[in-house]
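Below are the chains, spelled out letter by letter.
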Amino acid sequence: MPETPLSCVLLADRHHGLTEGVRCLLETSFETVVMVADEVSLLEGAIRLRPDVAVVDLSLAQSSGLGWFHALRQHCPNLKVIVLSVHDELSVRQAVMDAGANAFVLKSAIATELLTTVDAVRQGRRADVSIR
């Protein structure tokens, strides 16, 4: 668990049920949790709010690919990005980490690994918790 509260996290996921649970978890470490459900809102929120961390579902985009990630990096190069996914294939993890994500967390490991990963990212480390 992070040592001190952070000011803001941007949580991006189209699946409302999962998002509510993740929001509750993140509220233990952040003063503000802002939820968005699409690529446009993610980019606009990141630019406007300048959050400390963005926690983003890999399947947020309607199209395949990491276009949303590249746009985030272009407009907010210092934003720490943690990618969530149900996909545990090495190729998926590798593509996300190669694109410059700070961390990759399997959705099945959110309850046990997300806050530890947030702490690692805050300390400047990269984390791929799907291979632990």
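The structure this text deals with has already been given above.
Residues numbered from 1 in each chain as written. Predicted model: local features only at pLDDT ≥ 70, side-chain atom pairs only at ≥ 80, totals over all residues. Heavy atoms only, no water.

Caption draft 1: Representation of the nonpolar core within the structure. Formed by 25 residues in total, the largest nonpolar core has its most connected members in Leu42, Val56, Trp68, Val81 and Val83. When contributions to this core are tallied by element, the ones reaching two or more residues are strand E1 (6-12), helix H2 (39-49), strand E3 (53-57), helix H3 (67-75), strand E4 (80-85), helix H4 (90-98) and strand E5 (103-106). Counting 18 residues, the second-largest nonpolar core is a separate cluster that includes Val9, Val55, Ala103 and Val118. (Core = buried A, V, L, I, M, F, W, Y, C linked by side-chain atoms within 4.5 Å. Buried < 20%, exposed > 50% of the residue type's maximum accessible area, 1.4 Å probe, protein only. Helix = DSSP H or I, 4+ residues; strand = E, 2+ residues; numbered from the N terminus.)

Caption draft 2: Seen up close, the pairing of E5. Side chains Ala103 and Val105 project from E5 onto one buried face, and the interleaved Phe104 and Leu106 project onto a second face that is buried too. In terms of handedness, the path from E4 via H4 over to E5 forms a crossover that is right-handed. As judged from the two bridges shared by E5 and strand E6 (residues 127-128), these two strands associate in the parallel manner. Its bridge partner being in E6, Phe104 is matched across the sheet by Asp128. Assessed by its sense of winding, the connection that carries the chain from E5 through helix H5 (residues 110-122) to E6 is left-handed. (Right-handed = clockwise from strand over helix to strand, strands pointing away. Pairing = 2+ DSSP bridges.)

Caption draft 3: Structural detail: the pairing of E3. In terms of residue burial, E3 counts as a mostly covered element, since five of its five residues are buried. Going residue by residue along E3, you find Val53, Val55 and Asp57 tucked away on one face and Ala54 and Val56 tucked away on the opposite face as well. Two elements, E3 and E4, share five bridges in a ladder whose sense is parallel. Considered in E4, the bridge of Val55 is made with Ile82.

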